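Observations on chain architecture
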Amino acid sequence: LDTGDYGLYWEHYVLNELLAQNQDWSIRYWRDKQDREVDFVVVRRGRPPIALECKWSDKNISSKNAAAFLARYPDAEYHFVVREPSQKRGGKLDVLSLDECMAKLLA
């Protein structure tokens, strides 16, 4: 496998897990006019949306897209879903493993 494709494979794996865990969630994608985007936005009835940005590594995480999304949806949460996180942030903007992300979504 080309290492440049790992991020794409990881994003697809995360989507598969989201779909497998709960089929009642609405899973969407978000992009604004400045081409800032979010990989997945999980919408659950009666609860604020949760934005998920999938990253193979947490070494080059940028909060630019998160800031744009949270400005538009201030009640939302925004999480980076990383294969092996080495940093934690906390609050609305957090770096999570896939297991941690699923536990948060299922809570």
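Check the entry above for the structure.
Residues numbered from 1 in each chain as written. Predicted model: local features only at pLDDT ≥ 70, side-chain atom pairs only at ≥ 80, totals over all residues. Heavy atoms only, no water.

1. Some remarks on the pairing of strand β2 (residues 37-43)
Within β2, five of the seven residues are buried, leaving the element largely enclosed by the surrounding structure. Sheet topology places strand β1 (residues 26-31) next to β2; five bridges connect them, and they run antiparallel. Residue pairing for β2: R31 is matched across the bridge by E37. Two successive antiparallel strands, β1 and β2, enclose a turn made up of five residues, where D35 displays a positive phi of approximately 65 degrees. Bridge count for β2 against strand β3 (residues 50-55) is three bridges, and the pairing is antiparallel. Paired with V42 across the strands is I50, a residue of β3. In sequence, β2 turns back onto β3 through a hairpin of six residues, with G46 there showing a positive phi of about 75 degrees. (Buried < 20%, exposed > 50% of the residue type's maximum accessible area, 1.4 Å probe, protein only. Helix = DSSP H or I, 4+ residues; strand = E, 2+ residues; numbered from the N terminus. Pairing = 2+ DSSP bridges.)

2. A word on the sheet that holds β3
Spatial ordering of the open sheet is given by β1-β2-β3-β4-β5, a layout of five strands whose pairing is mixed. The open sheet has two edge strands, β1 and β5 (93-96), and neither has a second partner. Within the sheet, the average angular offset between the axes of one strand and its neighbour, ignoring direction, is 30 degrees. The sheet contact formed by β3 and strand β4 (residues 77-82) spans six bridges and is parallel. Each residue of the ladder has a partner; that of K55, found in β4, is V82. Across the sheet, helix α1 (residues 6-21) lies against β1, β2, β3 and β4, angled at about 5 degrees from β2, the strand it touches most. Helix α2 (residues 64-72) contacts β1, β2, β3, β4 and β5 of the sheet and is inclined by roughly 155 degrees relative to β4. (Axes fitted to C-alpha atoms, helices over the stretch in contact; angles between N-to-C directions. Contact = heavy atoms within 4.5 Å.)

3. Notes on the packing of α1 against helix α3 (residues 98-106)
With their axes 11 Å apart at the nearest point, α1 and α3 run at an angle of 30 degrees to one another. α1 and α3 meet at a crossing whose hand is right-handed. Along the contact surface, α1 presents W10, Y13, V14, E17, L18 and Q21, while α3 presents L98, M102, L105 and L106. (Left-handed = near helix turned anticlockwise from the far one by under 90°.)

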